[in-house]
Amino acid sequence: MPDFDRELAETDDEAVAAAVEHAFLPPLLTALAADLDDLSLVPGHLQPDLSIPMDPTGGLSEAQLAEGRALAVEAIKRLRARGPQPTRALPVDTLRVLLSFVAGGAEVDDYLELLREELNLGEDLRTPDWTKDELAPERPFRVAVIGAGMSGLLAAHRLRQAGIDVVVLEKDDGVGGTWYENTYPGCRVDVVNHFYCYSFNQRTDWPDHFSPQPVLLDYFRGFADEHGLRDLIRFSTEVTAVELDESTMTWRLELLGPDGAEDTLDVQAVVSAVGQLNRPNMPDIPGIDEFTGPSFHSARWDHGLDLAGKRVVVIGTGASAAQFIPEIAGEAGHLTVFQRTPAWFLPTPEYHDPVPAEATWLFRNVPGYANWYRFFIFWQNVEGLREMALVDPEWEGGGASVSLVNDMARQLLVAYIEGEFADMPELLPHVVPHYPPFAKRFIRDNGAWAATMRRDDVTLVTDAIAAVTPEGVRTVDGTVHEADVIIYGTGFTASEFLMPMKVVGRDGVELHERWGGDARAFLGMTLPRFPNLFMLYGPNTNIVVNGSITYFSECSVHYVVGCLRELLAGGARALEPTQEAHDALNERIDAQNCRMAWGVSDVNSWYKNATGRSAQNWPFSLLEYWQLTRRPDLAQYELS
Ligand SMILES: Cc1cc2nc3c(=O)[nH]c(=O)nc-3n(C[C@H](O)[C@H](O)[C@H](O)COP(=O)(O)OP(=O)(O)OC[C@H]3O[C@@H](n4cnc5c(N)ncnc54)[C@H](O)[C@@H]3O)c2cc1C
C-alpha cells in the first residue's frame, strides 16, 4: 500500500474532522463528489457565493460551513473504507456540474475544455499528440530555447516530448530564472502556490500558501532533474545576437560562453524565454555613481554585506522592496525608505503562514482536492476579479476609480490602509494611493508594512529625490539623507523586451529598431519578418490581477509546439504571422487596454512603456488567451 493510502487508512475520525476544519470547502466537496461519483455532495444550497471577492470560505454562512464540513467528514470516511482507486476521467456532464458548483453557479460551458486541462486529473492533456519522427523523420530540425527559467524549461520539456532536437542557452549557471536570481530577504511568490506551478506538475505539499524563493527554486530545479532537462542546457552561456540567414532559413546565434569564449550555433527555430523581469532597472538619478558606500539592486543582493547597525537607504517601494523592507528593518541601524508612489495592498493574513499540517493532510489524502483548489483560485481570484479593472466610460472617478465596482474595491482597500495606519495618521496622506485599484499590481500584506513603518528606526520619505551624493541621497528640499548602504528596489527594464540581444530578421531588419521602444507581437509570440522566431512571456502576455504567469507560458508553449507541427507536417521552411493579423490583434489589444484601469490611469508603472502604451498586459480574459492559442490559424500566417 503506498504511504498516502496507509496514512488515510490509519487516520481516525477525530483527525479527519480536525483536518476538514482547515479545508477550502467548495473545492473539497467537489473533489469528494468527483472521486466518489456522488453528486449529492455538491447540493445547490451549499454552492459558494463568489460575489464577495477572494473570500476563502466562498461566501458560505456558518450554518452552511457546518453542514458542508459534516458532509465532507462522512465522505472522507467512505473514501477510507473504500480504499484506493485509480483516478478516472470524468464524464463531461459530471464535469460541467462540478465546475459550475465550485464556480458559484456560473455558466462554465466555454471553460470546460480549458479547465479540464488545468485540472489535470490523472492525465496531462497538453502533451503533444505527435512526434517529429512521425511527421518529418529525415528533416534536420533543431530548436534553440534562450533561457532556463519557468518558461524555457517548459518549452524544452514539451519540445522534447514532441521528439524535437532542442538546446537551451542560459546565461546563469543554474535553472530557475526569476527564482534563481532574486535571493533578497523575503522574496516569495504573490500568487497562491497551488496556482503558481505547472498544471501537469502540481504539488500537494506546498509548505506555504505563498512559497518563499528557495522553495520555488527547488521546484524548478526538481522539474529540470526529474525530466532530464539539464542535459539540454548550456549554462553560463549568454546569447548576444540571433540573426536570420534567409538563404538557408536558419537562425545563427552568437554566444558568449563561460570565461568569455565566443561561439555560434545554427538552428531552424528559436524560442526566446528571456523573461520580462530579468534585467534590473537602475533609476536615472543624477550622481548615482558618486555614492561612496556599497550599493546594489534587489535582484543582485549582496549577501556578503552585513547590514547590522548600518544606515540603509532603500529606493523604491514596489513588489520586491515591499517584501525585503520588513525583513531588513530592525537589522539595519536605521532604514530610510524612499517612496515615489504608494501601493495598493491586498489584505492577505496568511501571506507568510505555512499551510497547516491538517490542510496538507487533506491535499495529500483526498484525490483531486489540490487540483480543484487550483481551479477555485483561478476562478475566484483571477478570472473573477477582471471585471473590477474594467473602465466604465460613464463613471466619474476623478482618476481615483474607474467604475462602481472598482470604487467599491477602492473603499474596502482604503479602509484596510486606514485601519493599519490608525495610529500613524500623519502618514495616511502618503500611503493611500491616488490612482485606481488595478492600475498597478497589488502588493499582498499581512500587516507587515504598517508594522515596519511604525518602527522608530524606519523613516518613510515621500519627497522626490534630486540626486545621489557621495554621502547618501538628497531630496528636492535640499535635505541629505546620509547612508552607509543604498539598496535599489527599482524593478526591471520590463518594456525592453529581449534586450540587450541583437535580433536580425528578414532583409537585415533589427527588431529593436523596428519596435522603436514599443514592443508588440502577435499573441505575444510571433512577428512578421521574423520567421520561426517565438517569444514566451512576450509583449502583452502579463497579467495584472495577481494571476500566474505559468498559465500564459503553458498556453504559449502549446501554441509554439503547434506552429512547429505545421512547419514539419506541411514541409514549409518558414512560418510568420501576416502583418494584417499582427496589426489587427494589436489594435484590439490597445483598444481594450485603454478600457482597463492600468491603461487609463496616469500613474507610473512598469505596465507602460516610454510611449505610454501598455506593452505588458493582456487585457482580455484568460479564457480568450487559451482559445486564441489552441492552435495556429493558418489564415493568419504566411508559410514559405
Ligand atoms: C521578484 C519577482 C517576483 C515575482 N513574483 C511573481 C508571482 O508571484 N507570480 C507570477 O506569476 N509571476 C511573478 N514574477 C514574474 C516571473 O518573472 C514569472 O512568473 C516567471 O518566473 C517568468 O519566467 P520566465 O522563464 O519567462 O522568465 P525568467 O524567470 O525571467 O527567466 C528568464 C531566463 O532567461 C535567461 N536569459 C535572459 N537573457 C538571456 C540571454 N540573452 N541569453 C541566455 N539566457 C538569458 C535568464 O538568465 C533567466 O534564467 C515575479 C518576478 C520577480 C522578478
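Residues numbered from 1 in each chain as written. Predicted model: local features only at pLDDT ≥ 70, side-chain atom pairs only at ≥ 80, totals over all residues. Heavy atoms only, no water.

## Brief notes about the overall build of the chain
What counts here: Only DSSP runs of H or I with at least four residues qualify as helices, and only runs of E with at least two residues qualify as strands; both kinds are numbered from the N terminus onward. Each radius of gyration reported is based on C-alpha atoms, and the globular scaling rule is 2.2 Å times the count of residues to the power 0.38. Here, two residues are considered to be in contact whenever any of their heavy atoms come within 4.5 Å of each other.
Summing up its helical and strand segments, the chain has 21 helices and 21 strands in all. The C-alpha radius of gyration of the chain comes to 25 Å, within 12% of the 26 Å expected for a compact globule of 640 residues. If you line up the chain on its principal axes, its C-alpha atoms span 70 × 70 × 55 Å. The long-range share in the chain, meaning contacts at least 24 apart out of those at least 6 apart in sequence, stands at 73%.

## With respect to the site of the ligand
Our working definition: By convention in this text, a residue qualifies as near a molecule or strand provided that one of its non-hydrogen atoms is within 4 Å of it. Contacts described as polar in this section are N or O atom pairs within 3.5 Å, which, within protein, must combine one atom able to donate a hydrogen with one able to accept it, while residues neighboring in sequence count only if both atoms come from side chains. For every accessible area listed, the method is Shrake-Rupley and the probe measures 1.4 Å; residues are considered covered only by the protein chains on display. Under the scheme applied here, ten amino acids are nonpolar (Ala, Val, Leu, Ile, Met, Phe, Trp, Tyr, Cys and Pro), four are charged (Asp, Glu, Lys and Arg), and all others, including Gly, are polar.
Contacts to the ligand come from 36 residues, most closely from Ser151, Glu170, Thr178, Asp190 and Tyr196. Within the side chain of serine 151, a nitrogen or oxygen atom sits 2.6 Å from an oxygen atom of the ligand. Arginine 279 has a polar side-chain atom sitting 3.0 Å from a nitrogen atom of the ligand. In the complex, the protein chains occlude 96% of the 980 Å² of accessible area that the ligand would expose alone. The leading source of residues in the shell around the ligand is helix H9 (residues 178-181), at three residues. Considering only residue class, the shell around the ligand consists of 16 nonpolar, twelve polar and eight charged.

## A word on the side chain of arginine 630
Looking at where arginine 630 falls in the secondary structure, it is placed in the loop between helix H21 (622-628) and strand E21 (637-639). Aside from chain neighbours lying at most four places away, what touches arginine 630 is Glu117 and His558.

## Describing the environment of glycine 260
Within the element layout of this structure, glycine 260 appears in the loop between strand E5 (250-256) and strand E6 (262-267). Sequence separation between glycine 260 and glutamate 238 is 22 residues; the distance between their C-alpha atoms is 9.7 Å.

## Looking at the sheet that holds strand E15 (residues 472-475)
Put simply, the rule reads: Two strands form a pair only when DSSP identifies at least two bridges running between them. Angular values range over 0 to 180 degrees, each being the angle between N-to-C directions of two axes fitted as lines to C-alpha atoms, with helices fitted over their stretch in contact.
Across the sheet, which stays open at both edges, the three strands sit in the order E14-E15-E16 with antiparallel pairing between neighbours. Of all the strands in the sheet, the pair left with one neighbour each is strand E14 (465-468) and strand E16 (480-482). On average, each strand axis in the sheet is tilted by 25° relative to the strand beside it, whichever way the strands run.

## Considering the pairing of E15
Relative to E15, E14 runs antiparallel, the two sharing three bridges. Paired with valine 468 across the bridge in E15 is valine 473. Linking two consecutive strands that pair antiparallel, namely E14 and E15, is a turn of three residues. Counting the residues between successive antiparallel strands, the hairpin from E15 to E16 contains four residues, one of them, glycine 478, with a positive phi of roughly 95°.

## Overview of the sheet that holds strand E17 (residues 485-488)
The strand order E8-E17-E9-E10-E13 describes an open sheet built from five strands, whose pairing is parallel. The sheet is open, and its two borders are formed by strand E8 (295-297) and strand E13 (458-461), each paired with just one other strand. Direction aside, the axes of adjacent strands within the sheet are offset by 15° on average. Sheet topology note: the E8/E17 ladder contains three bridges and is parallel. If you follow histidine 297 over to E17, its bridge partner there is tyrosine 488. Where helix H11 (residues 319-328) meets the sheet, its contacts fall on strand E9 (311-315), strand E10 (334-338) and E17, and the angle it forms with E9 comes to roughly 165°.

## Things to note about the pattern of salt bridges
Selection rule: Just to be clear on terms, a salt bridge is a Lys or Arg side-chain nitrogen sitting within 4 Å of an Asp or Glu carboxyl oxygen.
With the rule as written, the count across this model stands at 39 salt bridges. The residue aspartate 457 makes a salt bridge to arginine 455 at a minimum N-O spacing of 2.8 Å. Note that glutamate 576 is salt-bridged to arginine 506, the shortest N-O span being 2.6 Å. Pair noted here: glutamate 576 is in strand E20 (residues 575-577) and arginine 506 is in the loop between strand E18 (502-504) and helix H17 (511-515), with a separation of 70 residues, a long-range link.

## Here we look at helix H13 (residues 369-382)
We apply this condition: Here, expected helix span is obtained from the residue count minus one, scaled by 1.5 Å. When a residue's accessible area, from a 1.4 Å probe over protein chains only, is under 20% of the maximum for its type it is buried; when over 50% it is exposed; and in between it is partly exposed.
For H13, which comprises 14 residues, the first-to-last C-alpha distance of 19 Å matches the rise-based estimate of 20 Å (1.5 Å per residue) to within 8%. For H13, a buried count of 14 out of 14 residues is recorded, marking the element as mostly surrounded by other parts of the structure.

## A short note on the packing of aromatic side chains
What counts is decided by this rule: To pair, rings of Phe, Tyr and Trp, with the six-membered ring standing in for Trp, must have centres within 6.5 Å; the planes then decide the type, stacked if under 30 degrees apart, edge-to-face if over 60, and tilted in the middle.
The final tally for this structure, using the stated rule, is 32 aromatic pairs. A ring pair is formed by tyrosine 198 and phenylalanine 223, whose centres lie 4.6 Å apart and whose planes are at 50°; its orientation type is tilted. In this pair, tyrosine 198 is assigned in the loop between H9 and helix H10 (213-226) and phenylalanine 223 in helix H10, connecting sequence segments 25 residues apart. The two residues tyrosine 198 and phenylalanine 223 agree in class, both being buried.

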